[in-house]
Amino acid sequence: MQLTHLRSYARPTDLDSAVDLLREGGRGTRLMAGGSDLVLSGSNEITGLVDLGGLDLDYVEERDGAAAIGAMTTLTDLLESPVAAAYLDGVVPEMLRQVGSRLLRNVATVGGNLVRKQPWSDLVPLFSALGASITLFDGEERTGSINDLYAEAAHLKGSILTEVVLPRQPAGAAAAFWKFTRSAVDVATLNCAALIQTEDGTCIRARIFVGATPRLAAAVPSAEAALVGTDLSAAAVAAAARAAADDVSTGDDLRATAAHRTRLVPVGVTRCLEDAKRRLEGAIP
Amino acid sequence: MIAITINGARCSVETELGETLLEVLRREGLKSVKPGCDTGDCGACAVLLDGSAVDSCMVLAATAEGKEVVTVEGLEHDGHLHLMQQAMVDAGGVQCGFCTPGVLMSGIDLLSRNPDPSEDEVKEALAGNLCRCTGYVKQVDAVLAAARLQAGETDA
């Protein structure tokens with residue numbers, strides 16, 4: 001038995017009840033999304049579960065060019081959704097295909113992945129680069145960026161992540177994702193996501209995130225600055241990659257050494273930017 | 001107690017709250033569902049839950065309330081093997097057999113949504129099923145053959 005101290009399990013059908021159950025449950029009560037991490041944790045501290053599966057939070061909708069994703073959407077459902085396929089040339093399914101195996105993706109959810117905040121999360125760098133907005137509910141709704149979500153960790157405790165919105169991107173925008181991993185289903189040894197926006201052939205905006213360093217994905221402002229104002233030539237891409245190699249701090253863990261990761265950083269940034277450029281070129285008739 | 005449909009039969013199953021679907025299914029006598037790792041890494045415990053292949057070791061039994069579970073015991077129909085089982089046997093994709101139930105589930109999940117997969121798509125679908133014996137080649141062959149069987153084609 002995995003959760004030996006579990007004494008209560010509830011599956012509310014409205015958000016207010018879910019929040020109440022979470023509060024009343026006290027310290028040992030957790031919200032459960034897909035449950036993969038929670039169940040496998042075998043934690044003795046979990047005495048109560050509030051299952052979010054009854055709240056109709058599994059949907060993927062297009063809203064005026066934006067992709068609105070309910071927190072309980074499984075990674076498989078998002079991967080297979082036509083809305084995700086159409087958003088920025090399918091960069092979201094491209095990332096999701098590299099998350100674990102289909103067996104895991106059939107259980108794990110978008111909201112669960114974001115809240116769990118594993119440093120190797122593949123969703124975090126891409127959704128951060130895309131400028132995702134997160135909606136939290138604790139009796140009232142509030143919306144913020146992924147950064148905001150993680151900044152207020154303490155206040156999260158009474159809140160439910162209900163939705164993620166990938167904003168509508170202007171014409172001339174493209175994104176890409178890259179993951180280096182030891183096997184087809186392992187978590188990232190290093191990952192990278194980039195969003196570029198061009199106007200008349202000039203890059204006017206760039207977002208680059210590198211993660212699993214082994215820390216959680218963070219922006220690389222120097223690499224972004226190396227691209228803005230350029231024509232995204234090979235030289236500009238190389239400058240961005242060099243800046244990232246210099247500025248991204250890496251560490252040792254069981255998957256790789258800091259030195260290995262530092263060698264991977266410019267490769268990941270280069271591949272992301274080249275993929276994004278290819279997508280842009282594909283869009284030009 | 002949870003109400004769960006197992007291999008087409010509605011059951012009322014005793015379960016402790018903290019138990020996984022894997023434990024409950026095996027206690028109900030469905031020994032095809034194998035505990036390979038208990039960490040969600042090997043796929044030996046995979047079953048179909050409302051049509052999707054999932055590792056039953058990471059599913060809390062309580063969350064399966066009102067859902068449909070299919071295990072290998074439920075694949076045979078009227079004395080005939082499911083085409084995925086037949087294809088796996090014909091291709092020689094079974095050695096010790098421990099991973100096989102999970103592989104069948106992943107293969108069935110794939111063909112239910114992609115009836116004409118490429119070899120790469122089959123490999124992607126089976127990525128969560130670890131096999132120590134076969135080297136995977138014949139398992140991939142088997143799923144491709146099952147796709148052809150499902151489409152009603154004869155062997156070329």
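Residues numbered from 1 in each chain as written. Chains lettered and ligands numbered in written order. Predicted model: local features only at pLDDT ≥ 70, side-chain atom pairs only at ≥ 80, totals over all residues. Heavy atoms only, no water.

## Structural notes on the sheet that holds strand β1 (residues 2-6) of chain B
Residues and elements named next belong to chain B. The strand order across the open sheet built from five strands is β2-β1-β5-β3-β4, with neighbouring strands paired in mixed fashion. Since the sheet does not close on itself, it has two edges, and those belong to β2 (9-13) and β4 (52-55), each with one partner. Averaged over all neighbouring strand pairs, the angle between strand axes comes to 40 degrees, with direction disregarded. Bridging between β1 and strand β5 (residues 68-70) involves two bridges; their strand directions are parallel. Note that in β5 the partner of Thr5 across the bridge is Glu68. Against the sheet, helix α3 (residues 100-113) makes contact with β3 (46-49), β4 and β5, and its axis sits at roughly 35 degrees relative to β3, the strand it touches most. (Pairing = 2+ DSSP bridges. Helix = DSSP H or I, 4+ residues; strand = E, 2+ residues; numbered from the N terminus. Axes fitted to C-alpha atoms, helices over the stretch in contact; angles between N-to-C directions. Contact = heavy atoms within 4.5 Å.)

## Quick word on the interface of chain A and chain B
Frequently, the measure chosen for interface size is the accessible area removed from exposure when the parts meet. With 24 residues of chain A at the contact, the number on the chain B side is 28 residues. Buried area between chain A and chain B, summed over both chains or domains, comes out near 2000 Å², and the portion from carbon and sulfur atoms is 66%. On inspection of chain A and its partner chain B, the count reaches three salt bridges. Residue Asp109 of chain B is joined to Arg102 of chain A by a salt bridge in which the shortest nitrogen-to-oxygen separation is 2.8 Å. Summed over the shared surface of chain A and chain B, the result is six residue pairs in polar contact (both at pLDDT 80 or more). Looking at the side of chain A that touches chain B, the elements that each hand over two or more residues are β1 (8-10), α2 (36-41), β3 (48-51) and α6 (102-105) of chain A. In terms of residue count, the dominant contributor to the side of chain A that touches chain B is α6 of chain A (four residues). Of the residues in the side of chain A that touches chain B, the class split is twelve nonpolar, six polar and six charged. (Buried area = accessible area lost by both parts, 1.4 Å probe. Salt bridge = Lys/Arg side-chain N within 4 Å of Asp/Glu carboxyl O. Polar contact = N/O pair within 3.5 Å; in protein donor to acceptor, adjacent residues only side chain to side chain. Nonpolar A, V, L, I, M, F, W, Y, C, P; charged D, E, K, R; others polar.)

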